[in-house]
Amino acid sequence: MNLDATTFALEILNFAVLLWLLRRFLFKPVQAALAARAQAQQQQRDMLDARQQALDDRARALAAQEAAQAGQREAAREALTQEIATLRSQRLAALDEELRAEREKAQARLQREAQARQEQGDRQLQARAAGFVGDYLQRLASPAVEAALVELFLSDLAARAAALAPQLATPGQAPGEPPTVSSAFPLPEPLRQRITAGLAAVLGQGVVPRWAQAPELLAGLSVHLPGHQLETSLRRGVDAFNGLDVHAVLPAAAPAHPAKEA
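Residues numbered from 1 in each chain as written. Predicted model: local features only at pLDDT ≥ 70, side-chain atom pairs only at ≥ 80, totals over all residues. Heavy atoms only, no water.

(A) Up close: the overall build of the protein. Scanning the protein from terminus to terminus reveals six helices and five strands. For the protein, the α and β elements follow one another from N to C terminus as α-α-α-α-β-α-β-β-β-α-β. Going through the 262 residues of the protein one by one, you find that 25% of them count as buried. The long-range fraction of contacts in the protein, counting pairs at least 24 apart against all pairs at least 6 apart in sequence, stands at 77%. Roughly 17,000 Å² of accessible area belongs to the protein as shown, and the carbon and sulfur atoms make up 58% of that amount. (Helix = DSSP H or I, 4+ residues; strand = E, 2+ residues; numbered from the N terminus. Buried < 20%, exposed > 50% of the residue type's maximum accessible area, 1.4 Å probe, protein only. Contact = heavy atoms within 4.5 Å. Areas by Shrake-Rupley, 256 points an atom, 1.4 Å probe, with all protein chains shown as cover.)

Written out as structure tokens, the structure is:
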């Protein structure tokens, strides 16, 4: 597989355009539909509140009218009116309680349905994105890509050598315990020598790495140290999408190891 810098840059640009299209034409319509549904629910609740307010206003008007006529009625009519007013108040209170309970039930049901739909959509999107990225990176994996990732690893290691040296000098570490360098493809001897020199700049002279082959990396390097792991590989991209946060446009992959460095 031939891969030059232009092709690699175009592949990255293609992937970035795909993410932008997903956000523009998938996330926004879904969010707009949810917002429209929430607005419709709010209008329905406002309508119910308005009806309840109208009932309360009418009940207060009737009570005031009956209170004005109470002095002109006979004692029996006054007792009967008082009883009717009491029954009406109880009925209105019961009706208000029923309406409140129905509103709460409807709101809870709508929230559960919306949450279930959101969770299902999130799971489907995450599975599709992880499958796509995993397949895409597997197709990109090759010794040439691994060589480019090794160059990136060495440049990052050299740039951070001064900062990493105190962190990797773990007290109580067994003397002479060599680091394990894993790669997806067999490493040529010149690359092994450069990797050994780069690790020696951080860990000190006399480092003799143990070399291993790990096809699950797809392409790249993984250096295992006691309590630390340094990795630059395509597998990191797959791990990033396995932990995709669909509410974020560009997901940030969390390191799988507590002391892992990229």
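(B) Structural view of helix α1 (residues 5-69). Between its terminal C-alpha atoms α1 stretches 94 Å, which fits the 96 Å expected from 65 residues at 1.5 Å a residue. Those residues of α1 lying buried are Leu19, Gln41, Gln52 and Ala59. (Expected span 1.5 Å × (residues − 1).)

(C) A look at the confidence of the model for the protein. For the protein, the mean per-residue pLDDT works out to 79, and 85% of the residues sit at or above 70. Mean pLDDT per element in the protein: strand β5 (residues 260-261) is the minimum at 42, and strand β1 (residues 180-183) is the maximum at 90. (pLDDT = per-residue confidence, 0-100.)

(D) Representation of the pattern of salt bridges in the model. Tallied over the entire structure, the rule returns five salt bridges. Its salt-bridge partner being glutamate 151, residue arginine 194 comes within 2.5 Å of it at the nearest N-O pair. Of this pair, arginine 194 sits in helix α5 (residues 189-203) while glutamate 151 is found in helix α3 (residues 143-159), placing the two residues 43 residues apart along the sequence. A relative accessible area of 39% means that arginine 194 is categorised as partly exposed. Accessibility expressed as a relative area gives 34% for glutamate 151, which makes it partly exposed. Here glutamate 231 and arginine 235 are joined by a salt bridge, their closest N and O atoms 2.9 Å apart. (Salt bridge = Lys/Arg side-chain N within 4 Å of Asp/Glu carboxyl O.)

(E) A look at the environment of alanine 162. The topology assignment puts alanine 162 in helix α4 (residues 161-168). Sequence separation between alanine 162 and alanine 201 is 39 residues; the distance between their C-alpha atoms is 8.8 Å.

(F) Representation of α5. A rise of 1.5 Å per residue sets the reference length of α5, with its 15 residues, at 21 Å; its end C-alpha atoms lie 20 Å apart and thus fit the reference within 8%. Considered for burial, the residues of α5 that qualify are Leu191, Ile195, Gly198, Leu199, Ala200 and Val202. Glycine 204, located one to two residues past α5, shows a positive phi value of around 110°.

(G) Here's a closer look at the nonpolar core. If you look at the biggest cluster of nonpolar residues, it comprises 18 residues, and the most contacted ones within it are Val150, Phe153, Leu157, Ile195, Leu199, Leu221 and Val223. Of all the secondary structure elements, the ones that give two or more residues to this core are α3, α4, α5 and β3 (220-225). Residues within four places of leucine 157 in sequence aside, it is in contact with Leu164, Gly198, Leu199, Val202 and Leu230. Counting eleven residues, the second largest nonpolar core, distinct from the first, contains Tyr136, Leu140, Ala141 and Val145. (Core = buried A, V, L, I, M, F, W, Y, C linked by side-chain atoms within 4.5 Å.)

(H) View of the side chain of serine 183. Structurally, serine 183 can be placed in strand β1. When residues no more than four places from it in sequence are discounted, the contact partners of serine 183 are Glu146, Ala212, Gln213, Ala214, Leu217, Gly220 and Leu221.

(I) Structural view of a nonpolar patch on the surface. Among the surface-exposed residues, Leu10, Leu13, Val17, Trp20, Leu21 and Phe25 lie close enough to one another that they form a single nonpolar patch of about 610 Å² accessible area. Mapped onto the elements, tryptophan 20 comes out in helix α1. (Patch = residues over 30% accessible without salt bridge, like charges linked within 9 Å, V, L, I, M, F, W, Y side chains within 5 Å.)

(J) Highlighting the packing of α3 against α5. At a minimum axis distance of 10 Å, the contact between α3 and α5 shows a crossing angle of 20°. When the axis of α3 is compared with that of α5, the two are roughly parallel. Judged by the sense of rotation from one axis to the other, the crossing of α3 with α5 is left-handed. Here Ala147, Val150, Glu151, Leu154 and Leu157 of α3 come into contact with α5, specifically with Leu191, Arg194, Ile195, Gly198, Leu199 and Val202. Its residues assigned to classes, the contact of α3 with α5 shows eight nonpolar, one polar and two charged. (Axes fitted to C-alpha atoms, helices over the stretch in contact; angles between N-to-C directions. Parallel < 35°, antiparallel > 145°, perpendicular 65-115°, else oblique. Left-handed = near helix turned anticlockwise from the far one by under 90°. Nonpolar A, V, L, I, M, F, W, Y, C, P; charged D, E, K, R; others polar.)

(K) Spotlight on the pairing of β3. When you tally the buried positions in β3, you get five out of six residues, the bulk of the element. The pairing of β1 with β3 spans four bridges and is classified as antiparallel. Bridge pairing in β3 places threonine 180 opposite histidine 224. Direction of pairing for β3 relative to strand β4 (residues 228-233): antiparallel, over a ladder of six bridges. (Pairing = 2+ DSSP bridges.)

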